[in-house]
Amino acid sequence: MNKAALASALGSPSAFGQSQFAFMRGNAFEARVKADGGAELLRLVHEKLDAGAEPPVAGLVPDLAAVGPEGRAARTALALREATEAGAWTLLDHPMLALDVAGSPAFLEPDAVVVHPDGSWTVVEIKSFPMLDGSADAAKVGAAARQAAVYVLALERVADRLTPAPEVRHSVLLVCPKDFSNLPAASAVDVRKQRSVTRRQLDRLTRIEDIAATLPEGTCFAPDLPTPDLTAAVESVPATYAPECLSACELAFHCRARSRAEGAVTSLGRSLRAELGGLTSVDDVLDAARGTAGDPADPAVAALRRAAQLRAEALGSRSPAPEGASCP
Ligand code: SF4
C-alpha cells in the first residue's frame with residue numbers, strides 16, 4: 001500500500017522525507033555527478049574500486065526507459081547483460097531492480113549501477129550529506145550502507161539468471177559533496193556485513209499472506225474508504241510505535257497519537273521500554289512507583305519505588321508521590 005496516502009486519509013499526513021530545499025539540492029548534486037555521460041562518476045569508480053582496469057574514456061549510458069516497474073526491471077536486466085558482454089565501462093542511471101520481500105516483489109531504484117570492463121557490477125549511492133576531510137557522519141554512512149546492501153542483494157538476483165553469473169561487488173561507491181562544496185568526493189564502503197544481516201532478515205520475514213490471514217475477514221486499507229472504516233482497519237493491526245518511527249515510517253504521526261492515547265511506554269523510546277520489563281503502560285509504571293501495584297521483587301518495580309522515594313525526599317516530603325502527581 002501507499003503509506004503516505006494512507007496516513008493522509010487517516011488525518012495524520014506524514015512529514016516524512018526530505019524538505020523541498022534538501023530534495024532540490026540533492027537532485028542538483030546528483031545531476032552534476034552524472035553529467036557528461038557519467039564521466040566523473042566513472043572516474044571515481046575507477047579510482048576508488050578498480051584502479052587496475054583501463055581508465056574510462058567514454059562510458060556507455062543505456063536508455064532504461066520502459067512502461068511500469070516490471071518493464072523497467074526487465075529493461076535494466078537486459079542492459080546489464082548487454083553491458084557485461086560488451087566489456088566496457090557502462091553507467092546505468094536509475095536502474096530498476098526487483099527483490100522478493102516476504103513473498104511479494106519490491107521494486108528498488110539505486111542511484112546508479114556501474115558495469116566494469118571485467119563484467120563486474122558496482123552499486124553507487126549519491127548522498128547530499130557532506131564528506132569532510134574524507135569522512136562523513138558515521139550514522140549516515142551506516143544508513144547508506146544498509147540501503148546499498150539491499151541493492152546488492154537485488155542485483156545478485158539478476159546476476160544469478162546469467163551464465164556465467166557476473167560478480168556483484170560487495171564494496172559500493174558512496175559519493176557525497178566534498179567539504180560543503182558541490183564537488184563530489186567518493187569513498188568505497190564494504191557492505192558485506194549489512195548484506196548478510198539483510199539477507200538473514202529477509203529469509204526470516206513472515207510471508208505477507210500469513211500476515212494477511214491473521215486479519216479480520218474483509219480488512220481493507222484502500223485510502224478512499226471512509227475515515228472511520230479505514231481507522232478501524234488500521235487499528236486491527238497491532239503496532240508498536242517508538243520515536244524511531246518518526247524518521248522511518250509515513251504512519252508515524254498516526255501511530256504516535258494512538259500509542260499516546262493508550263499510554264504505551266514504547267512512545268517514550270525502545271530502550272526505556274526494555275528497562276521497564278513487564279510494565280507496558282504509563283499507568284502501570286506510576287502505580288508501581290507509588291507502591292499500589294507491581295511485584296517488589298521485580299528489579300524495575302524496585303528501581304521505580306526507589307526513584308519515587310528519592311523524588312519525594314528531594315521535594316522535602318518522605319511520603320510517596322501523591323495520586324495524580326506528574327512525572328518529572
Ligand atoms: S508502529 Fe512505527 S513502523 Fe509500525 S506502522 Fe506505526 S509508525 Fe510505522
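Residues numbered from 1 in each chain as written. Predicted model: local features only at pLDDT ≥ 70, side-chain atom pairs only at ≥ 80, totals over all residues. Heavy atoms only, no water.

## Quick look at the overall build of the protein chain
Link 1 in the chain: Scanning the protein chain from N- to C-terminus turns up 12 helices and 7 strands.
Link 2 in the chain: In terms of overall dimensions, the protein chain is more spread out than a globule: its C-alpha atoms have a radius of gyration of 26 Å, far above the 20 Å expected for 328 residues.
Link 3 in the chain: Counting only C-alpha atoms and orienting by the principal axes, one finds that the protein chain spans roughly 80 × 50 × 35 Å.
Link 4 in the chain: A total of 328 residues make up the protein chain; the buried ones form 36% of that total.
Link 5 in the chain: Nonlocal contacts in the protein chain, meaning residues at least 24 apart in sequence, comprise 57% of its contacts between residues at least 6 apart.
Link 6 in the chain: Accessible surface computed for the protein chain: about 18100 Å², of which carbon and sulfur atoms make up 55%.
Link 7 in the chain: Separation between the mean location of the 33 positive side-chain charges and that of the 41 negative ones in the protein chain comes to 5 Å. (Helix = DSSP H or I, 4+ residues; strand = E, 2+ residues; numbered from the N terminus. Rg over C-alpha atoms; globule rule 2.2 N^0.38 Å. Buried < 20%, exposed > 50% of the residue type's maximum accessible area, 1.4 Å probe, protein only. Contact = heavy atoms within 4.5 Å. Areas by Shrake-Rupley, 256 points an atom, 1.4 Å probe, with all protein chains shown as cover. Lys, Arg positive; Asp, Glu negative; His and termini not counted. Charge placed at Lys NZ, Arg CZ, Asp CG, Glu CD.)

## A few points about the pattern of salt bridges
Link 1 in the chain: All chains considered together, the criterion is met by 17 salt bridges.
Link 2 in the chain: Linking E85 and R81 is a salt bridge whose minimum nitrogen-to-oxygen distance equals 3.9 Å. Residue E85 and its partner R81 are located together in helix α4 (residues 68-86), separated by 4 residues, close to a single helical turn.
Link 3 in the chain: In this structure E85 comes out as exposed when scored by relative accessible area, which is 62%.
Link 4 in the chain: For R81, a relative accessible area of 39% corresponds to the partly exposed category.
Link 5 in the chain: In this structure, the salt-bridge partner of R195 is E156, at a minimum N-O distance of 3.0 Å. Here E156 lies in helix α5 (residues 138-160) and R195 lies in helix α6 (residues 192-204), a separation of 39 residues in the sequence.
Link 6 in the chain: Residue classification places R195 among the buried positions, given a relative accessible area of 13%.
Link 7 in the chain: Each member of the salt-bridge network shares a partner with another, and the members are E40, R43, E47 and K48. (Salt bridge = Lys/Arg side-chain N within 4 Å of Asp/Glu carboxyl O.)

Structural measurements only, silent on function.
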